[in-house]
Amino acid sequence: MQQLILDSNTWLLVLTGAGVSAESGVPTFRGMDGLWENHPVEDVASPQGFVKDPLLVWRFYSQRRAAAASVQPNPGHAALAAWERHLGDRFLLATQNVDGLHRRAGSERVVEMHGTLFKTRCSKCQRAPFEDTTVYPAGTVPGCRECGGILRPHIVWFGEYLDPADMKKIESFAYRGSTSGGRFVFLAAGTSGVVYPAAGIVDRVREAGGETWLVNLDPAENSGRFEYNVTGKSGEVLPKLAKLM
Ligand code: BJW
Ligand code: ZN
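**Looking at the coordination of the zinc ion (ligand 2)**
Listed as protein donors to the zinc ion (ligand 2) are Cys-122 (SG), Cys-125 (SG), Cys-144 (SG) and Cys-147 (SG); their distances from the metal cover 2.2 to 2.4 Å. Seen from the zinc ion (ligand 2), its four donor atoms lie at angles of 98 to 118 degrees, and the figure they make is tetrahedral. Every donor residue of the zinc ion (ligand 2) comes from the same chain, spaced as C-x2-C-x18-C-x2-C. With a gap of 19 residues between them, Cys-125 in the loop between strand 7 (115–122) and strand 8 (130–131) and Cys-144 in the loop between strand 8 and strand 9 (151–155) connect regions that are remote in the sequence.

Below, the structure is given as structure tokens:
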């Protein structure tokens, strides 16, 4: 297997997707044929889907909240936390995952690009998103105690903008990495490369002269745009991939 050298000269931006949590028992999206109980993921994960059937959407997210709380981080999550301890501020983890497993494995410099299962916000008022581990019983939609509006998961759905502050953190890290005079590396793991803007980070990094790695079980939509492709399970590959120097 190729080795990824992580020395005092290296800046590393990591992007993770659902495949990284697969070995913990969290189902991937497109691995389920893009369907959840015969609903395309775009239906349960879009503002239009929520307006049409908030009961269905809350059932989907309550089940996923319960499932994520009941599983454990795997060796892939642990490897990324160890790389961060080694690199410190020269490391940033951008995750599309909403399951909280990276933080539970010890990662601290984490940008949760698509939100988190463990926060809720109001669909009507400007009340700040709040911590919420409640698994709402099927057939209920929680209401806002401040305005009476309908609460919604703090998740970035299709057609919604990612938090500009999160994008800024990723961009400014990439800028610092690529202008540091050192080596700037981007590694994506466990992601099908279908959903933007995450799937386009590889192109930005290449434009900035960075080195690009993909660790994935199956070919991703954007595999051809990475310099190094490592095929395998992230829980097996990541713990062996890096040489910390
Ligand atoms: C393993 C493994 C193991 C298995 N080890 N690997 C440019 C072009 C075209 C469209 C767009 C564009 N820019 C924006 C858009 C629109 C849209 C989009 O990208 N659509 C595409 C589908 C075409 N993007 C958006 O709407 C985003 N918003 C946005 O861009 O706003 C501005 C804008 C709006 C409108 C128009 C244009 C611009 C928001 C995207 C939000 C995505 N949200 C979701 C659901 C919410 C989170 C949740 O509920 O969990 O996020 S969708 C779903 O896909 C989820 C995931 O985070 C995301 C990515 O999936 P991921 O992680 O890659 O999982 P899978 O299942 O697809 O793949 C798993 C991979 O792992 C596989 O390859 C396996 O082989 C592998 N694997 N086991 C290693 N053990
Ligand atoms: Zn409200």
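**Focus on the site of ligand 1**
Near ligand 1 lie 35 residues; those nearest to it are Arg-30, Arg-64, Gly-159, Ser-192 and Asp-218. A distance of 2.8 Å separates an oxygen atom of ligand 1 from a polar atom in the backbone of Phe-29. A distance of 3.1 Å separates a nitrogen atom of ligand 1 from a polar atom in the backbone of Val-156. Summarising the interface, the protein chains cover 79% of the accessible area of ligand 1, which totals 1,500 Å² for the free molecule. Going through the elements one at a time, helix 1 (19–22) and helix 4 (54–69) are the ones with two or more residues in the shell around ligand 1. Residues of the shell around ligand 1, tallied by class, amount to 17 nonpolar, twelve polar and six charged. Here the shell around ligand 1 spans two domains, since at least three of its residues come from each of domain 1 (4–25 + 72–114 + 162–244) and domain 2 (35–70 + 116–155).

**A short note on the pairing of strand 5 (residues 91–95)**
On any regular strand, side chains alternate: one points to one face of the sheet, the next to the other face. Burial of strand 5 is extensive: five of the five residues sit out of reach of the surface. Covered by surrounding structure in strand 5 are Phe-91, Leu-93 and Thr-95 together with Leu-92 and Ala-94, the residues of both alternating faces. When strand 5 meets strand 6 (residues 110–112), the two strands line up parallel, connected through three bridges. Within strand 6, the position partnered with Thr-95 by the bridge is Glu-112.

**Some thoughts on the environment of Asn-97**
Structurally, Asn-97 is set in the loop between strand 5 and helix 6 (101–104). Considered as a pair, Asn-97 and Val-110 are 13 residues apart in the sequence and their alpha carbons are 11 Å apart. Within the local environment of Asn-97, its side chain forms a polar contact with the backbone nitrogen of Ala-18, the two atoms lying 3.0 Å apart.

**Re the layout of surface pockets**
Of the volumes computed, that of the second largest pocket is approximately 510 Å³. As for the second largest pocket, its lining consists of 23 residues, of which Glu-112, Gly-115, Thr-116, Lys-119 and His-154 are closest to the centre. When contributions to the lining of the second largest pocket are tallied by element, the ones reaching two or more residues are helix 6, strand 6, strand 7, strand 9 and helix 7 (164–178). With five residues, strand 7 is the largest single contributor of residues to the lining of the second largest pocket. Here the residues of the lining of the second largest pocket sort into nine nonpolar, four polar and ten charged. Both domains that furnish three or more residues to the lining of the second largest pocket are identified here as domain 1 (4–25 + 72–114 + 162–244) and domain 2 (35–70 + 116–155).

**What to know about the side chain of Asp-99**
Tracing the chain through its elements places Asp-99 in the loop between strand 5 and helix 6. Put simply, Asp-99 is tucked away with no salt bridge, and the nearest opposite charge, on Arg-64, sits 7.1 Å away. For Asp-99, the side chain forms a polar contact with the side chain of Ser-21, separated by 2.6 Å. Within the structure, Asp-99 has its side chain in polar contact with the backbone nitrogen of Leu-101 (distance 3.0 Å). Setting aside residues up to four positions removed in sequence, Asp-99 forms contacts with Ser-21, Val-26, Ala-68, Leu-117 and Phe-118.

Parameters and conventions
Residues numbered from 1 in each chain as written. Chains lettered and ligands numbered in written order. Predicted model: local features only at pLDDT ≥ 70, side-chain atom pairs only at ≥ 80, totals over all residues. Heavy atoms only, no water. Donors = N, O, S within 2.8 Å, 3.2 Å for Na, K, Ca; no water. Tetrahedral: all angles 85-135°; square planar, octahedral: opposite > 155°, others 65-115°. Helix = DSSP H or I, 4+ residues; strand = E, 2+ residues; numbered from the N terminus. Near = heavy atom within 4 Å. Polar contact = N/O pair within 3.5 Å; in protein donor to acceptor, adjacent residues only side chain to side chain. Areas by Shrake-Rupley, 256 points an atom, 1.4 Å probe, with all protein chains shown as cover. Nonpolar A, V, L, I, M, F, W, Y, C, P; charged D, E, K, R; others polar. Domains from an automatic or database assignment. Buried < 20%, exposed > 50% of the residue type's maximum accessible area, 1.4 Å probe, protein only. Pairing = 2+ DSSP bridges. 1 Å grid on protein atoms, 1.4 Å probe; cavity = no way out; pocket = protein on both sides within 12 Å on 5 of 7 lines; lining within 4 Å. Points joined across faces, edges and corners; volume = space filled by probe spheres on them. Lys, Arg positive; Asp, Glu negative; His and termini not counted. Salt bridge = Lys/Arg side-chain N within 4 Å of Asp/Glu carboxyl O. Contact = heavy atoms within 4.5 Å.

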